[in-house]
Structures are given as C-alpha cells and as structure tokens.
Amino acid sequence: MKNFKILVLLAAVAAPVLAISAQECEGVGLWTSIGAEKKIAKGFNADMEVEYRMRDNFNHTDRWTIGAGLSYRLYRNEAKTFSIKADAGYKYMNVWNAEERADKDLYVHPDVDYSFQEYNLDEAYNIVKHRTYVSLSASYEVGRFKFGWRERYQMTYNDSLQIMEHKFRYDEGLDPDGDIDGIPGGISEESELEWKNAKVSNVLRSRISIDYDIPNFKVNPYCSLELFNNLNKNLALNKVRCIVGGAYTYKKVHNFKLYYQYQDQKSGDDPNSSVIGFNYKFEF
C-alpha cells in the first residue's frame, strides 16, 4: 500500500508537467536503444549501443546511431555510497533533417494591394555526423535516494554535402495575362544544388539526477535535468532536457528503462520536443 501511494504521488507531480509540455510540442517522438556493457577489470568497463529515434508522431526517422565507449571508476569510498567516474566514447550518427524554409524579400506591388513573401526552400536530407565525448560524473547515496551529477564535453563534426534548394520569387514579366488575381506577373521557381559546408560544434552538457529505490518494488523512479551550453557561443544555453522515468533490473544483468522526456529548445529553429523512450542494456 505504501508503494502504491508513492507511485500515485509521483504520477500526480508528473501529470501536469507532461500535459503542459505536450501542448507546446509539434508531435511526439520515440527514442529506443539497445546496448551492452562488459567489465574489463575492476572499475573499468566497455560499452556499445545502437540507437534509433523517430519524430513527428512517429512519421519520420529522426536519426540512428552506433556508439562505443570506455568508463573508469576514479574513486569509491569504503561504504560504497560515493563514487567518481570518468568516461569517453564515439558515436556515428545518421540524422534526418526536415525541409527548411528561409524567408527573403517581401514583394509589394506598387499599384494594387498585393504582396508575396519570397523564400528559399531546402529539401529534406540526411547528414552524417561524428561525435566524440569525455565525461566526469559523481554519485552519492543517502538512504534510498541516489543523487547524480555529470559534466560532459562533446564535439560533433558534420560532413559536408549537397542538397537541392528551390527559390521562389515574384516576376513581373511572368504570365503577362495576369494569372494572380488579374495582376501581371507570376511566381518563378529556380532550383539548384547548394553545398552545406562541414561544421564543428562544441557543447558542454551539465546534468543532475535523482533515483529512488522503492522498498520491495522492482520498478524504481528517476528524474534528471540537463543543460546544453554552446561553447562556440560563449556558453549560450541551447536547450534544456527534462526526463521522468522508471528503471527495472532483471537478474542483475538485464536493465530496462521507460521514460518521458521534454526538451525545451532555447536557440535555433527546431521546435520543442516531447519524447517517449525505451532503453535496454545487458551487462556481462
């Protein structure tokens, strides 16, 4: 009965947050991952993970990723309640980008009440990214609570590629009979391949987390808050990521996580995102 009350309390706290965030998002995403972790030596582990993400109410692949990393425990006290760990890794990412519109000049007809917003439209495309990272993290257990902190530096390299760009402009000499509300002229479209140059981004990710071990209950709740700061722009805040979920371990080697994530975009043109996630990791 006590465990049930705890779950009801957590649901009551999380429900209004999820409801508000869902209203601010354009569709829901799905993030899934499968990984494995191998103990190499005392405090020294290697891991590998494959990840697949969907967006826009599961209508588009957002990205798929293959990654591998190493972690080493730098310190742990005798009571095993406090530890510090360092890790590093690499991820290969194939990322889908939706078509993107960029408004240009506003055409205003000099004689009649007519205007047209000229714009460029980039077609949707996939781009390959290479990401490396190093992290320093610490955890501290107090009773049944576990508090975590992590600082991660990540560098992402975007390959250069060509995409098709369409330019829509108003042309007064087009369609002289006046196909647009009787006004001489028309909309012209010019298409050409455009190069997107290679790009390097550097980000500092700061995360705090709280886990709770419910007595005599197999699913334990957790939550986290993570800040993404752009090192290329004087630590400007790019986005904030909030997660609420539950973790379950079976026979000490099978680890499952089911969570909800809300991501607040502080910069760029990407909308805020609402995500349902599922992770599985096998330890051996």
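Provided above is the structure to which this section pertains.
Think of each chain on its own: its residues are numbered from 1, step by step along the sequence as written. This being a predicted model, a pLDDT of at least 70 is required before a residue's local features are given, and a value of 80 or more before pairs of side-chain atoms are given or counted; all residues contribute to the totals for chains, interfaces and linings. Hydrogen atoms and water are omitted, and side-chain values are computed over all heavy atoms in the structure.

## Observations regarding the overall build of the protein
- Working definition: helices are DSSP H or I runs of at least four residues, strands are E runs of at least two. Numbering for both runs from the N terminus. When helices and strands are tallied, the protein shows one helix and 15 strands.
- Counting the 284 residues in the protein, one finds 35% classified as buried.
- Note on definitions: a residue-residue contact is assigned when non-hydrogen atoms from the two residues lie within 4.5 Å. Taking the contacts inside the protein whose residues are at least 6 apart along the sequence as the reference set, 56% of them involve residues at least 24 apart.
- Throughout, the Shrake-Rupley method with a 1.4 Å probe supplies accessible areas, and for residues the shown protein chains are the sole cover considered. Summing over all exposed atoms, the protein offers an accessible surface of approximately 17500 Å²; the carbon and sulfur share of this is 56%. Each residue is placed in one exposure class: buried if its accessible area under a 1.4 Å probe, protein chains only, is under 20% of its type's maximum, exposed if it is over 50%, and partly exposed if it falls in between.

## As for the environment of E123
- Within the fold, E123 resides in the loop between strand 6 (115-122) and strand 7 (125-142).
- Taking the C-alpha atoms as reference points, E123 and H166, separated by 43 residues in sequence, lie 7.9 Å from one another.
- With near-sequence residues (within four places) excluded, E123 lies in contact with E99, M164 and H166.
- Each polar contact in these results corresponds to two N or O atoms within 3.5 Å; when the atoms are within protein, one needs to be able to donate a hydrogen and the other to accept it, and residues that are neighboring in sequence are counted only if both atoms are side-chain atoms. A polar contact of 2.7 Å, which involves the side chain of E123, links it to the side chain of H166.

## Quick notes on the nonpolar core
- In terms of nonpolar packing, the biggest core is built from eight residues, these being Y107, Y114, F116, Y119, L121, F168, Y170 and I183.
- The set of elements that each furnish at least two residues to this core consists of strand 6 and strand 9 (161-171).
- A per-element tally of this core places strand 6 first, with three residues. For this analysis, a nonpolar core means a set of buried residues of the types Ala, Val, Leu, Ile, Met, Phe, Trp, Tyr and Cys, connected via side-chain atoms within 4.5 Å.

## Concerning the side chain of N120
- Summarising the element assignment, N120 is placed in strand 6.
- Here E165 takes part through its side chain, which lies 3.5 Å from a polar atom of the side chain of N120.
- The contact partners of N120, leaving out residues within four places of it in the chain, are E100, R101, A102, K104, E165, H166, K167 and R169.

## Examining the sheet that holds strand 10 (residues 186-196)
- Here, a strand pair is defined by DSSP locating no fewer than two bridges between the strands. Spatially, four strands are ordered 5-6-9-10 in an open sheet, and the strand pairing comes out antiparallel. In this open sheet, the two strands that pair with only one neighbour each are strand 5 (100-108) and strand 10. Each neighbouring strand pair of the sheet contributes to a mean axis angle of 20°, computed without reference to strand direction.
- The sheet contact formed by strand 5 and strand 6 spans seven bridges and is antiparallel. Its bridge partner lying in strand 6, R101 is registered against L121. Each axis is a line fitted through C-alpha atoms, and for a helix only the stretch in contact is used; angles between axes span 0 to 180 degrees, taken between their N-to-C directions.

## Quick word on the environment of D122
- Residue position: D122 is located in strand 6.
- Residues D122 and A102, spaced 20 residues apart in sequence, show a C-alpha to C-alpha distance of 8.3 Å.
- Ignoring sequence-local partners within four residues, the contact set of D122 consists of E99, E100, I163, M164, E165, E194 and K196.

## Quick word on the pairing of strand 9
- In the sheet, strand 6 pairs with strand 9 via four bridges, with the strands oriented antiparallel. Bridging from a neighbouring strand, N120 pairs with K167 of strand 9.

## Observations concerning the pattern of salt bridges
- The salt bridge criterion pairs a side-chain nitrogen of Lys or Arg with a carboxyl oxygen of Asp or Glu, the two atoms within 4 Å. This model, assessed by the stated rule, comprises 12 salt bridges.
- Where D56 meets R55, a salt bridge forms, and the shortest distance between an N and an O atom there is 3.5 Å.
- The partner of D122 in a salt bridge is K196, with the nearest N and O atoms 3.9 Å apart. Taken as a pair, D122 in strand 6 and K196 in strand 10 lie far apart in primary sequence, 74 residues in all.
- Judged by relative accessible area, which is 9%, D122 ranks as buried.
- Salt bridges sharing partners connect three or more residues here, namely E51, R53 and R63.

## Focus: the sheet that holds strand 12 (residues 219-230)
- With respect to topology, 11 strands assemble into a closed barrel ordered 1-2-3-4-7-8-11-12-13-14-15, the strand pairing being mixed. Neighbour-to-neighbour, the strand axes of the sheet open up by a mean angle of 20°, direction not taken into account.
- Pairing of strand 7 with strand 8 (residues 145-158), which is carried by 14 bridges, proceeds in the antiparallel orientation. Among the inter-strand pairings, R131 is bridged to a residue of strand 8, identified as T156.

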